[in-house]
Every structure is written in structure tokens, then in C-alpha cells.
Amino acid sequence: MKRFLCICLILALCLSLCACGKKNTEAPSTPEEVPAVPTPEPWTAAPENTPEPVTAPATPDTRSFHRVDITADNWNTYFQLREIPLYSITNSGVIAQVYQTYCVVLRDEYLDLAKGDGDYSVDFSFSFDLYYNTLKVDTKDYTYGHTDDLMFEVSATKSATYDRFALRYSAYGTDHSRYSGYSNAFFTGWANIHPDSKVWSGFYIDLSKVTLESVSGYLELAD
């Protein structure tokens, strides 16, 4: 009887060892890979690293020129104040933001007369009232306008410098990444759309009420 029990215990032990050996040799199961969820493109995120356009070297201007000194009496003969909105465009081709620039620009009749590679420079100082207001922006047709919904913000005095690198009014509507930090803008600000109300808000300056505080410098114009 004892011999029979010993044989049974030995058989049970062998079966147990076989089972353990089989369990240890099995490869662990590999969980199925979960596909990554794509991150949606934010609607208002225009590329910040848009490369600057490559421009050809300026052709030397061989015309003859004369110097025109700019004073408080004649500055508005050659210059005018303009609002030049520049648009930040999404990858989908709609306006994400409006980069508002209030600039002093050369009048159209003098643009082709100014020396293209000249060293002229005119420094201005302007005082003005700045307002917040709601805007009318067509994000697909790239149209832009102010409303009568004005809220006074602050009175300010700012400077601007006009030279051959100045932002031109013809840049209106162009992607702002090509034009930033231009010194002939005496005020710049961002206009944005509210994510909930979908109302655009930005800044407004009544250019007819901007006051020239000081001006000095000269232009080089073709004869």
C-alpha cells in the first residue's frame, strides 16, 4: 500500500513539473497595437515659420535725382496715412487673423519717382486716439471693414520711419508672414475672431484726426 502511494505521488509530481515546464516555454501574448488618433488641425493656427520670399537683387537706379527735404508744411504733399490690413492665412486658404498696420506711405504719384536703392529716410511722430471695435471680415473673399461699434482705448504718440524698405499700400491683403516689423507703421495690432460668438474684434484709428507732432528727413526723387 505504501509502495502504491509513493508511486502515485511520484506520478503527480512528474505531471506537475511537465505542466510548469510547458507554461514557462510559451511566448507571452502580444497585445494588439492601437492606431494613433490624428491630431486635428487648429483653425486659427497660421504657420509661424513661413519662409521669407526670395527676392532678386535690386537693379541699380541710374536715373538722375534731386533731394526733397520733408517738413511739417509739405509732408502731406508727398505722404499720406493708410490702414494696410495683412492677412494670416490657414492651410485651408481662409483668414485666421488680421494683422492691422497703420502706416505713413508715399503717395501713388511719387512711388515710381523714389530712388529704388536710395539711402533717404524720413522720421515721423504722430499722436492719435486708439479704439477697439468690431470688424466685418469675409474670411474667403479677403474683404475687411470697420463697424460703428467703437470703444475708446487710449491716446498715444508713436513714431514711424519711411525709407526704401517701407511697406507699400499695394501689400494690402497679402499674407502677413511676408511683411512684419516695417518701420513705417506707427501702429500695429492683431484682429481676431471670438471662438464662441464668431465676432471679429480689432483696432480702429480715425486717420483724419491723427496729428503730426514732428517730421525730419528727405526723399530722393527722379528729375
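Residues numbered from 1 in each chain as written. Predicted model: local features only at pLDDT ≥ 70, side-chain atom pairs only at ≥ 80, totals over all residues. Heavy atoms only, no water.

Colleague: For the nonpolar core, give the residues involved together with the corresponding values.
Modeller: General note: in soluble globular proteins, nonpolar side chains tend to be found buried as a group. Within the largest apolar cluster, 30 residues are counted, with the highest numbers of intra-cluster contacts made by Ile70, Tyr78, Phe79, Phe124, Phe126, Phe186 and Leu219. Within the residue set of this core, elements represented by two or more residues are α2 (75-78), β2 (79-83), β4 (95-106), β5 (121-138), β6 (143-163), β7 (185-193) and β9 (211-222). By residue number, the principal contributor to this core is β5, which donates 5 residues. Excluding residues that lie within four positions of it along the chain, Phe79 makes contacts with Ile70, Val104, Val105, Leu106, Arg107, Val122, Phe124, Tyr162 and Leu219. With 9 residues, the next largest nonpolar core counts Ile89, Ile95, Val98 and Tyr144 among its residues. (Core = buried A, V, L, I, M, F, W, Y, C linked by side-chain atoms within 4.5 Å. Buried < 20%, exposed > 50% of the residue type's maximum accessible area, 1.4 Å probe, protein only. Helix = DSSP H or I, 4+ residues; strand = E, 2+ residues; numbered from the N terminus. Contact = heavy atoms within 4.5 Å.)

Colleague: How would you explain the environment of Thr90 if you had to name every residue and give the values?
Modeller: Its location among the elements puts Thr90 in the loop between β3 (86-89) and β4. Each C-alpha atom, one on Thr90 and one on Asp175, is 9.9 Å from the other, the two residues being 85 residues apart in sequence.

Colleague: Just give me the short version of unusual backbone geometry, but keep the residues and values in it.
Modeller: Positive phi is not limited to glycine here, since Tyr142 has a value of about 60 degrees. As for its placement among the helices and strands, Tyr142 is situated in the loop between β5 and β6.

Colleague: Residue-level account of the environment of Asn184, with values.
Modeller: Here Asn184 is to be found in the loop between β6 and β7. Filtering out sequence-adjacent residues up to four positions away, Asn184 remains in contact with Tyr102, Cys103, Val104, Val105, Ala160, Thr161, Tyr162, Ala166 and Leu167. For Asn184, the side chain forms a polar contact with the main-chain nitrogen of Leu167, separated by 3.0 Å. (Polar contact = N/O pair within 3.5 Å; in protein donor to acceptor, adjacent residues only side chain to side chain.)

Colleague: Break down the pairing of β6 for me, citing the residues and quoting the values.
Modeller: As paired elements, β5 and β6 share 17 bridges and run antiparallel to each other. Across the sheet, Asp129 pairs through a bridge with Ser155, a residue of β6. Remark: 4 residues form the turn of the hairpin made by β5 and β6, two consecutive strands paired antiparallel; Tyr142 in that turn has positive phi of roughly 60 degrees. (Pairing = 2+ DSSP bridges.)

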